[in-house]
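Residue strings, one per chain:
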Amino acid sequence: MSEEALFAYWNKAAPSELMDFFTLIEICLHQFRYMGKRFIARAGILHARLQQLGALENAHTINNMYTHTEADINSQSLLEANVSTEVCLTVLDTLSTFIMGFKTQLNSDLGHNSLMKKVFQVHLCFLQIPQSEAALKQVFTSLRTFIFKFPCTFFDGRADMCASLCYEILKCCNSKLSSIRSDAAHLLYFLMKSNFDYTGRKSFVRTHLQVVIAVSQLIADVIGIGSTRFQQSLSIINNCANSDKSIKHTAFPSDVKDLTKRIRTVLMATEQMKEHENDPEMLVDLQYSLAKSYTSTPELRKTWLDSMARIHNKNGDLSEAAMCYVHVAALVAEYLWRKAMFRQGCSAFKVITPNIDEEAAMMEDVGMQDVHFSEEVLLELLEECADGLWKAERYELIANIYRLIIPIYEERRDFEKLTHLYDTLHRAYTKVMEVMHTGKRLLGTYFRVAFFGQ
């Protein structure tokens, strides 16, 4: 299809149709993803065996159809790699064409609009699914161009897109292929330097913080990034900063060195997690210690509290997961209260748990310069708290959460939301009466065990 035909379609398409167009492109990338030679060999053998079981009389014919010599597997692998790469390059070319013609629309609201998020999601999709080495090389080049054209998307406003990109690049920094590790490290360095230039060569706080958060998330997801391969990628980033003459007389090289040093410290501190990944109580205790050490960096503390909630949910410990959600909401409320953006801090949650005083220990630090919490973020977290408390059968506590939400919706005159909240409260109190009458709810008593001395 020619560029003229594409532009004719895009210009006539409604916003929802444009979204559907990029969703379809994402589906294509998933369908034509490259699965690798080993997978192709296994899939071919399995397919042949299933065919033989289904039609034994045709076994001779099937064996001829599905031969599994090394040459056949190599040929099939090469064919699939070429098709996958061709699809990847076609999608990259289409994205480039769209960006060229719709740059103004993509830049609206500092690049934080639904169209930009969709286009960015397609770019991110390349790093999330298996790609051939040749395709990934072009993807990294395309991402550099994307960062260069839309710096405000990554370095201004909400940090969610910068966070997602850092997470996926760091995963590539741990790749088995040295060429991919090198390209990923250079792309991450380019992101840091672009952030530095965007702030008028003052700092790259946004990328600095999001990289540390991404490392913490990767560790929390028990993705082994403490390997020699990842350390090599960090060395490449350091070397780039030391050899870049354009920023030689600035604070940038020392800031990069400080970042890589901090990452290595986090990796060392979490080395024990690998030993205890099959011991959920010990794993959560280690993550709790890490969360406690990040009182000066709300985003990082939130990362580890979220990780603890995931582990608790996975193990069916719903009350503990709900308490993690309460602490996250209290952390955000405390931050907003200190910025005079919300009427109450973490003390409002004391009626739910006395442990909430931990969130009052928040300190002003470099990590707080790039926190983009808002009333909307807090509302989402409070809703998540209420949902978690419902699942944990802690119905009495839901009212305490809703007391913080209701005034916001009353001020906005959002009667639909208020109807939903009061309906949930009605059902919660009905449940309280029901469990009190039947006695079918068993809430355990918990004791925290701590070890002192050697």
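Residues numbered from 1 in each chain as written. Predicted model: local features only at pLDDT ≥ 70, side-chain atom pairs only at ≥ 80, totals over all residues. Heavy atoms only, no water.

Looking at an unreviewed UniProt entry, the protein carries the name Dedicator of cytokinesis protein 9, with the source organism given as Ataeniobius toweri. Quoted verbatim from the Sequence similarities (unreviewed entry) field of the UniProt record, the comment on the protein reads "Belongs to the DOCK family." (UniProt positions renumbered as here; feature names shortened; annotations may be inferred.)

Once that is clear, we can look at the environment of Val332. Counting through the fold element by element, Val332 comes out in helix H18 (residues 318-338). Sequence spacing of Val332 and Leu378 is 46 residues, and the spatial spacing of their C-alpha atoms is 6.3 Å. Ignoring anything within four residues of it in the chain, the contact list for Val332 reads Phe373, Leu378 and Leu381. (Helix = DSSP H or I, 4+ residues; strand = E, 2+ residues; numbered from the N terminus. Contact = heavy atoms within 4.5 Å.)

Turning our eyes to something else, we now look at unusual backbone geometry. Phi at Leu110 is positive, roughly 55 degrees, even though this residue is not glycine. Relative to the assigned elements, Leu110 resides in the loop between helix H6 (103-107) and helix H7 (114-128). When its relative accessible area of 42% is taken as the criterion, Leu110 is described as partly exposed. The backbone phi angle of Ala340 is positive, close to 60 degrees, even though this residue is not glycine. (Buried < 20%, exposed > 50% of the residue type's maximum accessible area, 1.4 Å probe, protein only.)

Where H18 meets helix H19 (residues 375-391), the closest approach of the two axes is 8 Å, and the angle between their N-to-C directions is 160 degrees. Viewed along their axes, H18 and H19 adopt a mutual orientation that is roughly antiparallel. Taken as a pair, H18 and H19 cross one another with a handedness that is left-handed. The residues of H19 that touch H18, namely those facing Leu318, Ala322, Met323, Tyr325, Val326, Val328, Ala329, Val332, Ala333 and Leu336, are Glu375, Leu378, Leu381, Leu382, Glu384, Cys385, Gly388, Leu389 and Lys391. Split into classes, the residues belonging to the contact of H18 with H19 amount to 15 nonpolar, 1 polar and 3 charged. (Axes fitted to C-alpha atoms, helices over the stretch in contact; angles between N-to-C directions. Parallel < 35°, antiparallel > 145°, perpendicular 65-115°, else oblique. Left-handed = near helix turned anticlockwise from the far one by under 90°. Nonpolar A, V, L, I, M, F, W, Y, C, P; charged D, E, K, R; others polar.)

Following the sequence through the fold, Lys257 ends up in helix H14 (residues 252-269). Distance from Lys257 to Ala241, taken between C-alpha atoms, is 8.3 Å for residues 16 residues apart in sequence.

As a further point, take the side chain of Thr94. Of note, Thr94 is situated in helix H5 (residues 70-101). Ignoring any residue separated from it by four or fewer positions in sequence, one finds Thr94 in contact with Trp10, Phe21 and Ile25.

Under the counting rule described, the total for this entry stands at 14 salt bridges. The salt bridge partner of Arg338 is Glu334, with a shortest N-O separation of 3.0 Å. Remark: Glu334 and Arg338 occur in helix H18; sequence separation between them is 4 residues, near one turn of the helix. Judged by relative accessible area, Arg338 falls into the partly exposed class, the value being 32%. Salt-bridge contacts for Glu375 lead to Arg412; the nearest nitrogen and oxygen are separated by 3.0 Å. With Glu375 in helix H19 and Arg412 in helix H20 (residues 395-412), the pair connects residues that are 37 residues apart, well separated along the chain. According to the relative accessible area criterion, Arg412 is partly exposed, its value standing at 37%. (Salt bridge = Lys/Arg side-chain N within 4 Å of Asp/Glu carboxyl O.)

In this section: the packing of helix H17 (residues 298-314) against H18. Running from N to C, H17 and H18 point in directions that differ by 165 degrees, and their axes come no closer than 8 Å. When the axes of H17 and H18 are compared, the pair comes out roughly antiparallel. Where H17 crosses over H18, the two elements pack in a sense that is left-handed. Here H17 contributes Pro298, Arg301, Lys302, Leu305, Asp306, Met308, Ala309, His312 and Asn313 to the contact with H18, which in turn contributes Leu318, Glu320, Ala321, Cys324, Tyr325, His327, Val328 and Leu331. Considered class by class, the residues forming the contact of H17 with H18 number 10 nonpolar, 3 polar and 4 charged.

Moving on to helix H1 (residues 3-12). The complete set of buried residues in H1 reads Leu6, Phe7 and Trp10. Relative to the axis of H1, the buried residues are bounded by an arc of 95 degrees and lie together on one face. For H1, exposure combined with an orientation more than 90 degrees from the buried face picks out Glu4 and Lys12. Looking at the buried side of H1, the elements it contacts are helix H2 (15-31) and H5. (Arc of directions from axis to C-beta.)

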